[in-house]
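These are the residues of each chain, in order.
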Amino acid sequence: MTGLRPAGLGSTTTATGSPHKDVGALGVRTTARGSLFALAGSAANAVFGFLLVAVVTQGLGARGAGAVFTAVAAFTILSNALKLGADTALVRFVSQDLELTGGSGVPGLLRTAVLPALVASGAGAAVLLCSPGLAGRLLPELDPGQAGAVLRLCAVFLPVTTVTLVLLGATRGYGSVVPFVGVEQIGKPVLRVLLAVPLVLWAPSVSGVWAAWLLPGVLGAVAAGISLRRSRRAHPGTGRPPPRAREFWAFAGPRAVSSLFDIAAVWIGVILLSVLGTSAEAGVYTAIGRLITAGTLLQLAVRLAVAPQISRLLAGGDTGAAQRLHRHSTRWIALFSWPVFVLLAAFPRTVLSVFGTGFADGAPALVVLAVAAVVNVGVGNAQTALLMAGRSVGNLAVAGSAFVVQVGSGVWLVPRYGVLGAAVSWGLAIVVDNGVSALLVRRRLGFRTVDRGYLLAALTGLGAVSCGAFGMRALCGDSVAGALFAMVFSIGAFSTLVWRYRLPLGVGEFFGALRKRSSENSR
C-alpha cells in the first residue's frame, strides 16, 4: 500500500442496501481527528494528574496523600468492575445499530446496559455503607472518623461514576471521542486540581481532598447525559431494531472479567513488590510503569477513535475497509511510538534519575519493559479489533492467560530479582497478551498488518532511531549529554525518513485528514 486511501475504497454498499460513499476514507478522517483530540486529552490528563499528586503530597504529607491515592485506586477498580463491561459493549452495539437501523435500537441498548450497572453499583455502595470495619482495614493509618468518611463518600459517588462510564461508552459508539475525552481526560482532572488547591491551603484534610476528587464526577454525569441526548436526537433511526439483550450481555460479561485482568496487570507488580520485596522497590517500579504508560498515549488515543469505526464497518459488511483501517492505524501507532521506547532503552539511568536518587537502579527493568512495549505498540490495537468483531470470549482467554503468566512468573522472580523480576513478569504478560491477540486477529478476522508501509515504519521508527540512540550511547555513555545528542540525531533522521517515505507511510494523508473540515460520522 502506498497511501491511506487504497484502490477500491470508493462508493460501497452497506448490509442494509443503502449507498455508503467512500466509507474507508471517512473512517480514516474520523480516526485521524479523533486520535489527535484524544492524544491531547491524554496529555492533559497526565499533566493534571501529576499536578494533583504534587498538590496533595505537599498539602497532606506522605501519610495523608497515601490514604487519598489508596482510596483512588480502590474506587477506580471498583467502579470499572461494576460497569460490567457495558461501556465497551455499547461502543460496539451502538455503532452497529447506527449502521443497520440508523440509531433506532439505541434506547433499548441503553436500557439493557444502564439498569444492570446501576443496580450493581448501588449494591456495591450498600455493601460499603454496611461495612464500617472495612474503612479501618483499607486505611489503617487514618483515625476511624476520617476513614469512615472516606468510605461513605465512596459509597455515595460510586453509582454516579459507574453509570457515567457506561453513558460515555454509548457516546463513543456514536463515533465521537469528544465527550469521553472532555469528561474523563480533561474536565475531571482540571476540576480536581482547582478544587484541591484551596482545600490544601486553607482546610487540609483527607476527607476534604477526597471529596474534591469525587465531586467533578457529578458534572461529568450531567455532561455525558447531555451529549448522549444530542447524539440520539441527531440519529433518531429509521428501522425496527431486533431485541439484543442476550447478545449484548453475552459480549459484555466476558469483557467485564477481562477488563479486571487489564486493571490488575498494572497494579499486581506493585503489590508483589510490597509483599515480597520492599516499599522502595515498589516506588521505583511505579515510576518505571508511569514512563511505559506515557509512551503508549498515542496507542490509547487511536484506540478511542478507531474502535467504533471498525465495529461499524464490520456491521456494514465491509471487512476490507475495516482491515485497512486497522492496518493503517497500527502503522501510525508503531511509527510514532517506537522511537520513545528506543530512547528509553538506550538511556534508562539518565531518564530514571529525573525521579531522584535511587531510581536509576531500576535501569535494567526499564529496558525490559521498553522492549516489551515495542511489541505492544507494534501490533497496534489488536485487542480492540477482536472486541469490535464480537470476540470478547477470545479476548478474555488471552487476558486471563497473560495474567496467569504475570502472577506465576512474578511470584517466582520478584523475591529473587526485585524490580527486575517484576518487570520481567509484566513484560512476559505484555508479549503474551499482544502477540496472541495479533495472531487471533490474523487467523480469525483475516486482518494483515505487515505490508510495505509497516516495514518502512519499522525502518524509520526502530532502525534509524536505534542507530542514533545506541551510537551516542556507545560514544557518550548513559549520560545527559549522550541522551541530548541522541535525541537531536534521532529526530533529524526520523524526520528525514518520514518526509522521504510520507506516501507509503501514510503520514501525509493522516495529517491531511486533520486539516480538512470535519465530516459527519454517518450516512
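On a predicted model such as this, the values are computed, not experimentally measured, just so you know. (Residues numbered from 1 in each chain as written. Predicted model: local features only at pLDDT ≥ 70, side-chain atom pairs only at ≥ 80, totals over all residues. Heavy atoms only, no water.)

1. Here's the deal with the pattern of salt bridges
Between side chains of opposite charge, a pair can form when the charged atoms approach closely.
At step 1: On inspection of all chains with the given rule, the structure shows seven salt bridges.
At step 2: A salt bridge links K83 to D87; the nearest nitrogen and oxygen atoms lie 3.0 Å apart. D87 carries the same exposure label as K83, and that label is buried.
At step 3: Notably, a salt bridge pairs D451 with R331, separated by 2.9 Å at the nearest N-O pair. In this pair, D451 is assigned in the loop between helix 17 (419-445) and helix 18 (452-476) and R331 in helix 12 (residues 319-346), connecting sequence segments 120 residues apart. (Salt bridge = Lys/Arg side-chain N within 4 Å of Asp/Glu carboxyl O. Buried < 20%, exposed > 50% of the residue type's maximum accessible area, 1.4 Å probe, protein only. Helix = DSSP H or I, 4+ residues; strand = E, 2+ residues; numbered from the N terminus.)

2. Notes on the environment of A170
At step 1: Mapped onto the secondary structure, A170 falls in helix 5 (residues 144-173).
At step 2: According to the relative accessible area criterion, A170 is buried, its value standing at 0%.
At step 3: With 83 residues separating them in the primary sequence, A170 and D87 have C-alpha atoms 6.7 Å apart.
At step 4: With residues up to four places along the chain from it excluded, the contact list for A170 reads L90, V94, L110 and L228. (Contact = heavy atoms within 4.5 Å.)

3. Notes on the nonpolar core
At step 1: The biggest cluster of nonpolar side chains holds 84 residues, and the ones touching the most others in it are L90, F248 and I288.
At step 2: If you look at the next biggest cluster of nonpolar residues, it comprises 32 residues, including V55, L60, L139 and V150. (Core = buried A, V, L, I, M, F, W, Y, C linked by side-chain atoms within 4.5 Å.)

4. Thoughts on unusual backbone geometry
At step 1: The phi torsion at L84 lies on the positive side, around 60 degrees, for a residue other than glycine.
At step 2: Taking the relative accessible area as the measure of exposure, L84 reaches 24% and is therefore partly exposed.

5. So, the packing of helix 16 (residues 392-417) against helix 17
At step 1: Packing of helix 16 against helix 17 leaves a shortest axis separation of 7 Å and a crossing angle of 160 degrees. Considered as vectors, helix 16 and helix 17 are oriented roughly antiparallel to each other. Of the two elements, helix 16 crosses helix 17, and the hand of that crossing is right-handed.
At step 2: Of the residues belonging to the contact of helix 16 with helix 17, the class tally is 16 nonpolar, seven polar and one charged. (Axes fitted to C-alpha atoms, helices over the stretch in contact; angles between N-to-C directions. Parallel < 35°, antiparallel > 145°, perpendicular 65-115°, else oblique. Left-handed = near helix turned anticlockwise from the far one by under 90°. Nonpolar A, V, L, I, M, F, W, Y, C, P; charged D, E, K, R; others polar.)

6. A look at helix 3 (residues 106-129)
At step 1: A rise of 1.5 Å per residue sets the reference length of helix 3, with its 24 residues, at 34 Å; its end C-alpha atoms lie 34 Å apart and thus fit the reference within 8%.
At step 2: The complete set of buried residues in helix 3 reads V106, L109, L110, T112, A113, V114, A117, A120, S121, G124, A125 and L128. (Expected span 1.5 Å × (residues − 1).)

7. Notes on a nonpolar patch on the surface
At step 1: Taken together, the side chains of I77, L260, V266, W267, I271, V275 and L276 present a nonpolar region at the surface, about 590 Å² in accessible area.
At step 2: By residue number, the principal contributor to the nonpolar patch is helix 9 (residues 245-276), which donates six residues.
At step 3: Within the element layout of this structure, I271 appears in helix 9.
At step 4: Since its relative accessible area comes to 46%, I271 is described here as partly exposed. (Patch = residues over 30% accessible without salt bridge, like charges linked within 9 Å, V, L, I, M, F, W, Y side chains within 5 Å. Areas by Shrake-Rupley, 256 points an atom, 1.4 Å probe, with all protein chains shown as cover.)

8. Side note on the packing of aromatic side chains
At step 1: In the structure shown here, the tally under the stated rule is ten aromatic pairs.
At step 2: Arranged with centres 5.9 Å apart and planes meeting at 85 degrees, the rings of F75 and W213 form a pair that is edge-to-face. Highlighted residues: F75 in helix 1 (residues 23-82) and W213 in helix 7 (residues 206-214), separated in sequence by 138 residues. No difference in accessibility class separates F75 from W213, as the two residues are buried.
At step 3: Through a chain of ring-to-ring contacts, three or more aromatic side chains come together here, namely F93, F248, W249 and F251.
At step 4: Sitting above the plane of the Y501 ring, R500 keeps its charged end 4.8 Å from the centroid. (Phe/Tyr/Trp six-rings, centres within 6.5 Å; stacked < 30°, edge-to-face > 60°. Lys NZ or Arg CZ within 6 Å of the ring centre and 35° of its normal.)

9. Notes on the confidence of the model for the protein chain
At step 1: Of all residues in the protein chain, 89% attain a pLDDT of 70 or more, and the chain-wide mean is 84.
At step 2: Mean pLDDT in the protein chain bottoms out at strand 1 (residues 11-13), which sits at 36, and peaks at helix 14 (residues 363-378), which reaches 95.
At step 3: Note on residues 1-24: pLDDT is under 50 here. Beyond four places in sequence and across chains, it has 59 contacts.
At step 4: In this model, residues 513-523 is a region of pLDDT below 50 whose contacts with residues beyond four sequence positions or in other chains number 30 contacts. (pLDDT = per-residue confidence, 0-100.)

10. Concerning the side chain of E99
At step 1: Within the secondary structure, E99 is located in helix 2 (residues 86-101).
At step 2: A polar atom in the side chain of E99 sits 3.1 Å from the side chain of R312. (Polar contact = N/O pair within 3.5 Å; in protein donor to acceptor, adjacent residues only side chain to side chain.)

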